Amino acid sequence: MPDSLRVALLGCGVVGTQVARILTTDADDLAARVGAPLQLAGIAVRNLEAERDASIDPAWLTTDAEALVDGADVVVELMGGIEPARTLILRALAKGAAVVTANKALLAQHGPTLFEAADAAGADLYFEAAVAGAIPIVRPVRESLAGDRVRRVLGIVNGTTNYVLDRMATEGLDLDQVVKEAQALGYAEADPTADVEGYDAAAKAAILASLAFHTRVSLDDVDREGITGISAEDVDWARRQGYVIKLLAVAERYDDGPDAPGVQVRVHPALVPEAHPLAGVRGAFNAVFVEAEAAGELMFYGRGAGGVPTASAVLGDVVSVARHRVLGGKGPVESSYAALPVLPATAARTRFQLRLEVVDRPGVLAQVAAVLAGQDVSIEAVQQTPAPDGIGAEAATLVITTHVTTELALRVTAEALGSLDVVRRVVSVLRVEGA
Ligand SMILES: NC(=O)c1ccc[n+]([C@@H]2O[C@H](COP(=O)([O-])OP(=O)(O)OC[C@H]3O[C@@H](n4cnc5c(N)ncnc54)[C@H](O)[C@@H]3O)[C@@H](O)[C@H]2O)c1
Ligand SMILES: N[C@@H](CCO)C(=O)O
Ligand code: NA
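Residues numbered from 1 in each chain as written. Chains lettered and ligands numbered in written order. Predicted model: local features only at pLDDT ≥ 70, side-chain atom pairs only at ≥ 80, totals over all residues. Heavy atoms only, no water.

- Under an unreviewed UniProt entry, the name given to the protein chain is Homoserine dehydrogenase, and the source organism is Cellulomonas alba.
- Here is the UniProt Sequence similarities (unreviewed entry) comment for the protein chain, exactly as written: "Belongs to the homoserine dehydrogenase family." (UniProt positions renumbered as here; feature names shortened; annotations may be inferred.)

In structure tokens form, the structure reads like this:
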């Protein structure tokens, strides 16, 4: 067998601990698969004295990340954040080391810089764990679908928010209550902003869109709306109409119409029909639904987070890049040749459902319909129910589902409806996806 390959770990947190453990406990199998032993060269940490899992040998730890990087064949970055992760990855690539990272935030903001550095050095940069944790999705999109044309990607890529929305639906609980519960269970962070406001999902959406459309898409290109505006009442309304509310990452390519060709990438809560495969994704699970021209519909499902599942994706990448070291060759480089324009939020095309509280008297529906017609928004269905308790007599709730329209037309429509005398309140506006 060739000489062993030196693997440096940066970060010994939730994921790093599990990667270190499996690297050592499964060393024989990994060596056989790679064709050379993988030697854990060390783990860079901030504090040598911090309490750690019993599987972590204190002799592995160092605070000198730079020296560790300089002596490595494979650098595994699991610190998270932008700096020093970015500088250390660039340093590793410049020295010709292969890099594996799970850092979606870094890739979504500085991907091009990192990929250019990898290309210049002829080194591998792998990142399966950065999108949907254990689920193989980066490699399928980057490699298996490289001969196809992806049209659309719809993903549930944040486990925390999926757990929260699922509990709201099954228990009728409010968002705040469930977020507290998710924190107690260790799903949600002490500061849940990155998850509930959709930043984590938006970073993953940018990475997926870049891969799917061979176009650079950064976090700033993603229109983002979190789940904080979703009420228990919204969830209940959705259920009664045969939908579930999911936080979706949507990336699609438009080949017709005034904006074509272009890609549109967004993260927002959406109504998903109960019969759609994404509607059945429960709890903290993730799933990514891909529509490709030749392949048709594909669905990738599994655990998007957690130290052990995420370590599976990291180690899969480590084995891949290590095999290249042993056998020669290299993995794919960044593919951004298509350079499609990334379209603004207003260009997004989808169906919508508007819920209005209206005055219940003759002619109201006609006025409402005229506003939609004025923006060329086509109505697919209208449902009227008597006023909920508390909004008074002669009032009704009107639920209007539209055909596909643009976000721009919908925004203008919602504003115009809100200013009609007969509309007391625009209660909610939700996109409908996957129908
Ligand atoms: N936890 C998950 O389920 C999950 C899933 C997919 C991807 N990821 C990604 O994996 C990465 C790691 O996540 P995690 O959950 O293990 O985070 P974590 O916070 O548990 O671990 C990060 C560790 O890195 C250490 N660290 C930070 N800066 C450092 C520095 N300058 N030098 C040395 N050590 C430093 C921290 O002290 C911490 O122990 C992140 O990029 C995250 O987005 C995590
Ligand atoms: N916080 C993320 C896990 C890491 O990507 C989630 O809830 O899915
Ligand atoms: Na993955």
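Read on, since the account is not over.
**Here's the deal with the overall build of the protein chain**
(1) Moving on: Scanning the protein chain from terminus to terminus reveals 14 helices and 17 strands.
(2) Moving on: Against the globule reference of 22 Å for 435 residues, the protein chain gives a C-alpha radius of gyration of 24 Å, in line with a compact fold.
(3) Moving on: By principal-axis analysis of the C-alpha atoms, the protein chain measures approximately 85 × 45 × 35 Å.
(4) Moving on: A separation threshold of at least 6 residues defines the contact pool for the protein chain, and within that pool the share at least 24 residues apart is 73%.
(5) Moving on: On the protein chain, roughly 18300 Å² of surface is accessible, and the fraction owed to carbon and sulfur atoms is 49%.
(6) Moving on: Seen as two clouds, the 37 positive and the 57 negative side-chain charges of the protein chain have centres 2 Å apart. (Helix = DSSP H or I, 4+ residues; strand = E, 2+ residues; numbered from the N terminus. Rg over C-alpha atoms; globule rule 2.2 N^0.38 Å. Contact = heavy atoms within 4.5 Å. Areas by Shrake-Rupley, 256 points an atom, 1.4 Å probe, with all protein chains shown as cover. Lys, Arg positive; Asp, Glu negative; His and termini not counted. Charge placed at Lys NZ, Arg CZ, Asp CG, Glu CD.)

**Quick look at the coordination of the sodium ion (ligand 3)**
(1) Moving on: The protein atoms that coordinate the sodium ion (ligand 3) are E128 (O), E128 (OE), V131 (O), G133 (O) and I135 (O), at distances spanning 2.4 to 2.6 Å.
(2) Moving on: Positions of the donor residues of the sodium ion (ligand 3) along the chain correspond to the pattern E-x2-V-x1-G-x1-I.
(3) Moving on: Residue I135 is classed as buried on the basis of its relative accessible area of 1%. (Donors = N, O, S within 2.8 Å, 3.2 Å for Na, K, Ca; no water. Buried < 20%, exposed > 50% of the residue type's maximum accessible area, 1.4 Å probe, protein only.)

**Some thoughts on the site of ligand 1**
(1) Moving on: Around ligand 1 lies a shell of 19 residues, among which G13, V14, V15, K104 and G306 are the nearest.
(2) Moving on: Within the backbone of V14, one N or O atom sits 2.9 Å away from an oxygen atom of ligand 1.
(3) Moving on: Summarising the interface, the protein chains cover 73% of the accessible area of ligand 1, which totals 820 Å² for the free molecule.
(4) Moving on: Considering only residue class, the shell around ligand 1 consists of 11 nonpolar, six polar and two charged. (Near = heavy atom within 4 Å. Polar contact = N/O pair within 3.5 Å; in protein donor to acceptor, adjacent residues only side chain to side chain. Nonpolar A, V, L, I, M, F, W, Y, C, P; charged D, E, K, R; others polar.)

**A closer look at the packing of aromatic side chains**
(1) Moving on: Within this structure, the stated rule accounts for three aromatic pairs.
(2) Moving on: On the basis of an interplanar angle of 50° and a centroid distance of 4.8 Å, the ring pair of Y163 and Y187 is categorised as tilted. Note that Y163 is positioned in helix α7 (residues 159–171) and Y187 in the loop between α8 (175–184) and α9 (193–196), a separation of 24 residues in sequence.
(3) Moving on: Owing to a relative accessible area of 41%, Y187 belongs among the partly exposed residues under this scheme.
(4) Moving on: Over the ring of Y199 we find R224; its NZ or CZ atom is 3.8 Å from the centre of that ring. (Phe/Tyr/Trp six-rings, centres within 6.5 Å; stacked < 30°, edge-to-face > 60°. Lys NZ or Arg CZ within 6 Å of the ring centre and 35° of its normal.)

**Some points on the side chain of D234**
(1) Moving on: Locating D234 in the fold gives a position in helix α11 (residues 232–240).
(2) Moving on: Overall, D234 belongs to the buried group, its relative accessible area being 7%.
(3) Moving on: In this structure D234 touches G229, I245, R355 and S428, once residues within four positions along its chain are discounted.

**Thoughts on the nonpolar core**
(1) Moving on: Residues V75, I137 and V164 are the most contacted members of the largest nonpolar core, which totals 80 residues.
(2) Moving on: In terms of residues, this core owes the most to one element, helix α10 (residues 199–213), which gives 11 residues.
(3) Moving on: Look past the residues within four positions of I137 in its chain and what remains in contact with it is E128, V131, A132, L208, V288, V290 and F300.
(4) Moving on: By size, the runner-up hydrophobic cluster in this structure holds 35 residues, among which are I56, V74, L78 and A322. (Core = buried A, V, L, I, M, F, W, Y, C linked by side-chain atoms within 4.5 Å.)

**A look at the site of ligand 2**
(1) Moving on: Every residue near ligand 2 is listed here: K104, N158, G159, T160, D195, D200, K204 and A305.
(2) Moving on: Interatomic distance of 3.4 Å between a side-chain N/O atom of N158 and an oxygen atom of ligand 2.
(3) Moving on: Between an oxygen atom of ligand 2 and a main-chain N or O atom of G159, the distance comes to 2.6 Å.
(4) Moving on: Relative to its unbound accessible surface of 260 Å², ligand 2 loses 82% to contact with the protein.
(5) Moving on: Looking at the shell around ligand 2, the elements that each hand over two or more residues are α7 and α10.
(6) Moving on: Residue classes in the shell around ligand 2 are distributed as one nonpolar, three polar and four charged.

**Some words on the packing of α7 against α8**
(1) Moving on: Running from amino to carboxyl end, α7 crosses α8 at an angle of 125°, the nearest separation of the two axes being 9 Å. The pairing of α7 with α8 is recorded here as oblique in orientation. Note on packing geometry: the crossing formed by α7 with α8 is right-handed. Within the contact between the two elements, α7 uses Y163, V164, R167 and M168 and α8 uses L175, V178, V179, E181 and A182.
(2) Moving on: Looking at the contact of α7 with α8, its residues break down into seven nonpolar, no polar and two charged. (Axes fitted to C-alpha atoms, helices over the stretch in contact; angles between N-to-C directions. Parallel < 35°, antiparallel > 145°, perpendicular 65-115°, else oblique. Left-handed = near helix turned anticlockwise from the far one by under 90°.)

**What to know about a nonpolar patch on the surface**
(1) Moving on: Together, L365, I379 and V382 line one region of the surface with nonpolar side chains, adding up to about 220 Å² of accessible area.
(2) Moving on: Here L365 is to be found in helix α13 (residues 364–374). (Patch = residues over 30% accessible without salt bridge, like charges linked within 9 Å, V, L, I, M, F, W, Y side chains within 5 Å. Salt bridge = Lys/Arg side-chain N within 4 Å of Asp/Glu carboxyl O.)

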